[in-house]
Structure formats: structure tokens, C-alpha cells
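For reference, the chains in residue letters:
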Amino acid sequence: MSLSIRGLAVATITWCVAALAVTGVAAGGASASTRLADSRPSWATPAALRAPVADSEIVHARVYLPWRDAAGLAAVTRAVSTPGSASFGRYLTPEQFRSRFSPTTGDVADVSDWLRGAGLRIVDVPTDRQYVAVEGTVRDASRAFDTTLATYDALGRVMRAPTSAPAVPASLVGKVSAIVGLDDGADAIPAASPPDEAPNGTTPGKVADPGVGFRSGTPCSTSWGEKTVTLPTAVDGSTTKPLAPCGYTPAQVRGLYGLGSGDTGAGQTVAFVGANASPTIVSDVTQYSRLHNLPDPQISQIVPPGIYQHPTTPKNDPGAFFGEQTLDAEAIHTTAPAAKILYVASSNANQDFDRSVKAIVDKHLAPIISISYGFGGESVPQGFVNSLNGIFAQAVATGIGIFVSSGDNGDELTTLGKTSVDFYANTPNVTAVGGTSAAIVAGAGGSVFGTGGRPAAASASSSTAGGGIYGIDDPANPVNQPGWTRAFEVGWQTGFTSATGTLAPLPTGATPPTSARYTFTGSLDPAGPTFSGGGGGGISTVFPQPSYQKGITDGARDGSSGATGTTGRALPDISALADPNTGFLVGQTQKFTDGSYYDEYRIGGTSLAAPLMAGMAAVANQKAGRDLGFLNPRIYAAYQQKTASLYDVDEADLTSAAEYGSTPSVFRVNFTDGESAVGGRQYSLRTLELPTQSLQSTRGYDTATGVGSPRDSSFLSVLGTVTPLPYTPDRKSPKVP
């Protein structure tokens, strides 16, 4: 996500670079202070310093207080997760957690008094008192924390950060653990940002505007290989390639993972977080459900205190995030159609996500949380990392399972210049969900349900009108009925090869082509495929190898350093459908050139994989008859004890006629204008698992797909019956709270 800088062109700002290094008064006017080195990002170097930030710019920050008795919290986490312990599975209630570990009211009062005295406004203190959220101007924040805020050129962007580590009064040493929000370099990037997918517009001030309209290009396949293209020359041993799917339907995804009519997540609530809140989310998911044979959704939305108090800016376009919210809701509803869905909003995609996650964990609003956002790499201020991991540890202790997208930039080499895993997924207290490319074909699996009523009448301009393209929006069409299964899954690491030429036969105008066989005349880029997106994975340099991975991930290796899985936490833990080239059909109100209305398109990213897995976790809880909490000790136990319940994603040993060659790929058609064929078509070949990437699916555990993906619903039953592996939080690393 690109960042725009406000206020730098104001003529009254005349500071020179040298002045930025000068600190102000002691913290909050105190006579003595202590600096928090872990609350300043490592990329804010003197060489990267650019310019001051306007004094009038608004800052939103959280001042974190440490949990009381951190050793006791680690012991509780171990006890509730370890078979044989008297506390195994006996999770703390929110009240019990607060009583044992929350900061005292006196400490919170002391911190609040300091912040108010420095001119900042208190906007929120959660019930567990883990932080004090404040807002104020840059001038106020600089005075409060005895630092100066400036912009830096780093990681290919322009980002705000303090020029020195923020300070707290000496009287508060030990009462403040981190200050979060002074820098904006840790902007969370939605994992659903697939290349060549829906574009984002910027419409400041129009909070409820839909996102910019996008449709999948045609021709496209209604299932894997349903339509094919003949190329002029062979690629990976075959001149025939399948056309990219139009977008897999709920029935097809349920067939992919063998979910039967009883696998619904009944009695469960799955929460997810995101930026802003779509005003059409309920009507969109309801329409989607009625078109694709799902029951009407049970959706509720919560805006935590203090979130909606700020104007929309070019940094924060609400409509650009409505698609992410819609994708998450429809993915959860697909794998857990009877579960309740709770959305907790943040006002933007910056560091406010900790507040949304905290709102769920603090009050135990749901036993399952899906997070489709993450930070590129691990260069996040350690104070923020420790604070967020503290929330995740709280979730483990109180019986909440958190599922986090592993990222969409593969091993991050092309974005960061070195391989890296991403934060939040790297923390040992969450389940990191990686991505696969999937071939779904006719078979015996899948299930559908009675709907809550007839779909609403579609706009005449919508691609869903009259049953939709190729009938995919007709509830009676086979794509919306049982009868689907997996041909194969491989790790998602897309290779993009442009194609220049013509496709035939094609009708004129916007009419969708209906032939099953096409011929491409032209050429493919002789340079071959370049990396254009993939599931994140690798070895963390921040967190050590957790106990539940020992003996399983030891052989995994980092792509740059060659470090093994014994040196750090390996990612991902498990994987699910993510590749936008074999992606998921999503329905959403969008803004097209001829108006705003409900339409559908194909999308992917590990922000599809995470909510799909979160929904399946709800089914696992349903089958077990109890909340299973943090699932990693059970996932790795299933890998050791019930291997057959997992599908070993293993492109290296894949032999299937459905590959159409030695390495599977799809021929993809995009509309040039994103809306219709009238504006022209663009062509490309997308290799599903690019062999040159360091993340490759192999036999057994791998850093491309983890332990694999659920073979079928038997895996969800196994999660409740296996003996979990012990989880002992590692206290040896100074970077782990």
C-alpha cells in the first residue's frame, strides 16, 4: 500500500534536517525519563531521514502496560495446552485472566495522568487495561514522548517515525512496556492483494462509497479444465492449458475439502477484523448465499470505542477495504454456513488492528478469530511485536484460536531484498495459514443448503443477471450443487508470463465466449515467468522454534540464510486455497462506470485461506462438542498421529493428467478496463508454483504449505481426538515476552 504524506508542502515548515536530531523537553515535562528503544523502528536511520511532519497532523497511539506475572501467564499457557496437566483444556475466563494478569488500576491511572498532562486525549482503555489509547497532534505527541516525528525513505515507501526512541517519565519505568502508533511504517497490508485483481480507488470523504468495480475476464472455466487453450508452442511439455476458473463457488470449495451436509459450524461464532465497515455487507452476503445455495448469514458488526472519530484521508479510503471484509465473510460462511459471523472494525489499515483484536479477545466475543492482514517482513518495532504477542498469549490462555494469513509476497525476496516471514503470522501463539493453488473437478464431494429466500433482482448491468456468466449464478447450475472434489493442490507461488496475440473463437462486443476449446495465436514472453505473488513462509528470526514444531520443522530452511527450522519458528502451519488464478468467487456491491450494484468476481490471497481455515476450525469445534482453542498443538499432532487426514501438498512428486504438463499453469484472460470485453482483453500464462522460488511444496512439512491442507472433514474430526503436542512457551529468547 502506497502512503501519501500530508502537510509537507506547508510553507511554514522550515526545519532543516539537522534540527530533527534535537530532542525536546523531558517526557511530558518530567524532570527525568527513560527511553523505550523497542518502540522505534530499525528502518528509521539518519541516512533515510527526509523531512519533519507538520505539527498539526493527528497521531493515534497506544501506550502498552505489561501483563502482571509474565512467568505465570507462560505457565498457564503451557498448562491449558498440555495433555496430562490438571488444567488441560480448562481455559481462563476473561474475568479470571484480568484478575491474575491485567495491569492494576493504579498503574493505568498513573499512565493516564501523565498522558493527559502532556496534552493528549484518552480515547480508550480496554477492560483488561493492557493499554491506554490516546490521540493528539504531532506537537502534543512530541512533547509527551520527548521526541520529534519525521518522514523517512525506507523499504520503498515514505513513512513516519520518531527521530529518537520515545521516552516515559522515570516514575513510570516498569509500568509502560511499549508505545505503538508513532510510526506508520508497519501499515498492515491486506493479504488479499492479488496481482491484476480488483483495483482500488481513492475517494476521500466518501465513507460509504463502494470499491471500484471489477469483473473476471472471459472466457474462463466453470471448473478446472472445463475450457482449454491450445498454445503455439509447448510449455512444460504441453501445448494445451486450462483456462483460469471464473471463481470457485461455495459448493466447489466444500467439495475441495470434503465438507458434508453436517459440517456447518453450528453453535460457533467466528470473528474477523478489518479496516472500516461495508454498509452493504449483510445484503451482499445474503444475496451471495441465495445465489449459491448457502443459508442466510448471521452477521453482526462491532466498532470498538474510539475507532470512528477521524475523517477519511487519502491514506484511508474505506471503500478500498470493503472487498476484503466481504471476502472474509463469504469465505467463513462457505466453510461454516451455520456459524455466527462477527466483524470488528478498525478505522484504517495502520496499527489500529491491535485494538480490534483486543476487543474480541478481552471480552471473549468468539472462540475463533481470522486475521487477513499482516506486516511485510519482521522489521516491526519490537515493542509492538511483544505487545501483540501478549494479546495472542491471552487468546491461548482463554481458549481462542487465531488464524492469520501468512502473506502474499512469497518469501519476500522481491519486496525486501531478502527472504523473510511476516508479522503477525510469525508469532508462535497463532496459526499461520499459507496458500495453495487448487484444481477442483467433478466428483462425489461437496454439499449445499436451503437458502433463506429468493435472491434479490439483479441489476440489468450486473454479470449475475439471468443466472450469470455460464450460469454460475443460477442456484440449480451444477457449480452450485454437490459433486466436486480435488484433482490436486500445489503451493501458491505464481509465475507470470505475458502473452501477445489473439484468442479464437471470440464473439464481438461484451457477449461471453461459450466455446470449450480455444486457440491462442501469438507469442509468450521469451524471458519466461516472473514471480507475481505467492503464499508467505520461511523461518522467523524473531521467534524461536516452538515446542509443537520440534522434530517436525527441523529440516525446513530459510531461503537467504539457509537457517534451519531448529533456529526459529517455521511458517506456515497449514494451508488452504489462496491462488487468485484458481480463486474464489466473491459477491459484493461495487461502483462501475454505469452505476453501483451487486456483482461478482474471482479473488484470492492468503486472506482467503485464513477465513476458510477459520470456518473449518468452527466445524472442528462443532464435531468435538467443545472449543478446542489454539489449534497448532493439535494440527502438528494430527500430522504425526493421523497423517492420512492431511493432504500432502507436494508439487515435486505430483503426477496427474490434470496438470496439462510437468508443471501446472493456467491461461488467464483479463478485461483491459476491469469491467468488460468492450475495452479489450489481455492474456497471460500463470504458472501455479514457480520452480525458481525458495518456497516449494515437497513431501512432508515444507515452508510453502506447512503440514499441507485438510484432506477432507476427517481432519476436522481428528483435531478433537488426537493427543495434542505439548506447548511450552519459550522464555530463552529476550524478544519473546
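Residues numbered from 1 in each chain as written. Predicted model: local features only at pLDDT ≥ 70, side-chain atom pairs only at ≥ 80, totals over all residues. Heavy atoms only, no water.

S.K.: What exactly am I supposed to notice about helix H2 (residues 94–101) here?
M.R.: Buried within H2 we find Pro94, Phe97, Arg98 and Phe101. Burial along H2 is one-sided: seen end-on, the buried residues are contained in an arc of 100°. Along H2, the residues that are exposed and aim more than 90 degrees away from the buried face are Glu95 and Ser99. For H2, the secondary structure elements touched by its buried residues are helix H1 (70–81), helix H8 (353–363) and helix H9 (382–397). (Buried < 20%, exposed > 50% of the residue type's maximum accessible area, 1.4 Å probe, protein only. Helix = DSSP H or I, 4+ residues; strand = E, 2+ residues; numbered from the N terminus. Arc of directions from axis to C-beta. Contact = heavy atoms within 4.5 Å.)

S.K.: What is the right way to look at the state of the cysteines in this model?
M.R.: Throughout this description, disulfide means a covalent bond between two cysteine sulfur atoms. Evaluation of the coordinates by the stated rule reveals one disulfide. With its sulfur 2.1 Å from that of its partner, Cys220 forms a disulfide with Cys246. The sign of the 100° torsion about the S-S bond sets the Cys220-Cys246 disulfide as right-handed. Here Cys246 lies in the loop between strand S13 (238–242) and helix H5 (250–256) and Cys220 lies in the loop between strand S11 (211–212) and strand S12 (228–235), a separation of 26 residues in the sequence. (Disulfide = S-S within 2.5 Å.)

S.K.: What exactly am I supposed to notice about the nonpolar core here?
M.R.: One recurring pattern in soluble globular proteins is that nonpolar side chains are buried together. Within the largest apolar cluster, 92 residues are counted, with the highest numbers of intra-cluster contacts made by Phe488 and Leu577. It is helix H11 (residues 606–624) that provides the largest number of residues to this core, a total of 11 residues. Contacts of Phe488, omitting those with residues within four sequence positions, involve Trp224, Ser437, Ala438, Ala439, Tyr647, Leu654, Ser656, Ala658, Glu659, Pro664 and Leu688. Listed in part, the 41 residues of the second largest apolar core include Leu342, Ala395, Phe423 and Phe543. (Core = buried A, V, L, I, M, F, W, Y, C linked by side-chain atoms within 4.5 Å.)

S.K.: Where do I start with the sheet that holds S11 in this structure?
M.R.: Through backbone hydrogen bonds, the strands of a sheet pair up, either in parallel or in antiparallel fashion. Pairing is mixed in the open sheet, where three strands are placed in the order S11-S28-S29. The open sheet is flanked by S11 and strand S29 (595–603), the only strands paired with a single partner. Pairing of strand S28 (residues 584–592) with S29 involves nine bridges; the strand directions are antiparallel. Paired with Lys591 across the two strands is Ser596, which belongs to S29. (Pairing = 2+ DSSP bridges.)

S.K.: Looking at this structure, how should I read the packing of H1 against H9?
M.R.: Any two packed helices are characterised by the angle at which their axes cross and by the distance between the axes. Running from amino to carboxyl end, H1 crosses H9 at an angle of 40°, the nearest separation of the two axes being 9 Å. On the basis of the axis angle, H1 is oblique to H9. H1 and H9 meet at a crossing whose hand is left-handed. When H1 is examined against H9, the residues Leu73, Val76, Thr77, Val80 and Ser81 are found in contact with a partner set consisting of Ala393, Val396 and Ala397. (Axes fitted to C-alpha atoms, helices over the stretch in contact; angles between N-to-C directions. Parallel < 35°, antiparallel > 145°, perpendicular 65-115°, else oblique. Left-handed = near helix turned anticlockwise from the far one by under 90°.)

S.K.: Honestly, helix H12 (residues 632–641) in this entry has me stumped. Any pointers?
M.R.: Think of an α-helix as 3.6 residues a turn; residues three or four steps apart then line up on the same face. The element H12 is extensively covered by neighbouring structure, given that eight of its 10 residues are classed as buried. All buried positions along H12 are accounted for by Asn632, Pro633, Arg634, Ile635, Tyr636, Ala637, Ala638 and Tyr639. Buried residues along H12 sit in contact with strand S20 (431–445), strand S27 (574–577), strand S30 (646–647) and helix H13 (714–718).

S.K.: What is the right way to read the pattern of salt bridges from this model?
M.R.: Pairing is possible between side chains that carry opposite charge, provided their charged atoms lie close to one another. In this structure the tally under the stated criterion is 20 salt bridges. Across the pair Asp146 and Arg35 runs a salt bridge whose closest N-O atoms are separated by 2.7 Å. Linking Asp146 in the loop between helix H4 (138–145) and strand S6 (149–154) with Arg35 in strand S1 (residues 33–35), this pair joins segments that are 111 residues apart in sequence. Among the residues examined, Arg35 registers a relative accessible area of 35% and is labelled partly exposed. The salt bridge involving Arg139 is made with Asp55; its shortest N-O contact spans 3.0 Å. (Salt bridge = Lys/Arg side-chain N within 4 Å of Asp/Glu carboxyl O.)

S.K.: Quick question: what am I supposed to make of the packing of aromatic side chains here?
M.R.: A ring pair, where both rings are aromatic, is described by two values, the distance of the centres and the angle of the planes. One pass over the full model with this rule turns up 24 aromatic pairs. When the centroid spacing of 5.0 Å and the interplanar angle of 75° are considered together, the rings of Phe375 and Tyr424 count as edge-to-face. Of the two residues, Phe375 sits in the loop between strand S18 (373–374) and H9 while Tyr424 sits in the loop between helix H10 (413–416) and S20, which places them 49 residues apart along the sequence. Considered together, Phe375 and Tyr424 belong to a single accessibility category, that of buried residues. Joined through ring pairs, the aromatic side chains of Phe375, Phe384, Phe392, Phe423 and Tyr424 make up one cluster. Between the NZ or CZ atom of Lys227 and the centre of the ring of Tyr470, over which it lies, the distance is 3.7 Å. (Phe/Tyr/Trp six-rings, centres within 6.5 Å; stacked < 30°, edge-to-face > 60°. Lys NZ or Arg CZ within 6 Å of the ring centre and 35° of its normal.)

S.K.: Any chance you could explain the pairing of strand S19 (residues 401–405) here in plain terms?
M.R.: The side chains of a regular strand alternate between both faces of the sheet. Of all five residues in S19, five are buried; the element is thus mostly enclosed. Where burial is concerned, the two faces of S19 agree: the one with Gly401, Phe403 and Ser405 and the one with Ile402 and Val404 are both buried. Sheet topology places strand S17 (residues 368–371) next to S19; four bridges connect them, and they run parallel. Paired with Ser370 across the two strands is Phe403, which belongs to S19. Pairing between S19 and S20: three bridges, direction parallel. Looking at S20, one finds that Phe403 is bridged to Thr431.

S.K.: Where do I start with the sheet that holds strand S7 (residues 157–162) in this structure?
M.R.: Pairing is antiparallel across the open sheet formed by three strands, whose spatial order is S2-S6-S7. Only two strands of the sheet have a single partner each, and these edge strands are strand S2 (49–52) and S7. On average, adjacent strands in this sheet sit at an angle of 35° to one another, irrespective of strand direction. Of the pairings in the sheet, the one linking S2 to S6 comprises three bridges and is antiparallel in character. When the bridges of S6 are listed, Pro52 appears paired with Ala150.

S.K.: I'm lost on unusual backbone geometry in this one. Help?
M.R.: Trans peptide bonds make up the majority, and among non-glycine residues the majority have a negative phi. A cis amide bond links Phe423 with the next residue in sequence, Tyr424, at an omega value of 25°. Ala504 connects to Pro505 through a cis peptide bond whose omega is 0°. Positionally, Pro505 belongs in the loop between strand S22 (493–504) and strand S23 (517–524). A positive phi angle, near 60°, is found at Asp69, a position not held by glycine. Turning to its location among the elements, Asp69 is positioned in the loop between strand S3 (58–64) and H1. The exposure class assigned to Asp69 is partly exposed, which follows from its relative accessible area of 43%. One non-glycine residue, Asp236, adopts positive backbone phi at about 55°.

S.K.: Mind showing me how you'd approach the pairing of S3 here?
M.R.: Judged by how many residues are buried, S3 sits mostly within the fold: five of seven residues are covered. Pairing between S3 and strand S5 (residues 131–137): seven bridges, direction antiparallel. The residue of S5 that forms the bridge with His60 is Glu135. Here S3 pairs with strand S9 (residues 178–180) via three bridges, running antiparallel. Residue Arg62 lies in a different strand from S9, and its bridge partner there is Val180.

S.K.: Quick question: what am I supposed to make of the side chain of Asp599 here?
M.R.: By secondary structure assignment, the location of Asp599 is in strand S29. Once you skip the residues sitting within four places of it in the chain, Asp599 turns out to touch Arg215, Ser461, Ser462, Ser463, Thr464, Val586, Gly587, Gln588, Gln590 and Phe592.

S.K.: Sorry if this is basic, but what is going on with the environment of Pro505 here?
M.R.: Classification of Pro505 by relative accessible area gives partly exposed; the value is 46%. Separated by 13 residues in sequence, Pro505 and Tyr518 place their C-alpha atoms 6.3 Å apart. Excluding its chain neighbours within four sequence positions, the residues that come into contact with Pro505 are Pro513, Ser515, Arg517 and Tyr518.

In short, geometric facts, not functional conclusions.
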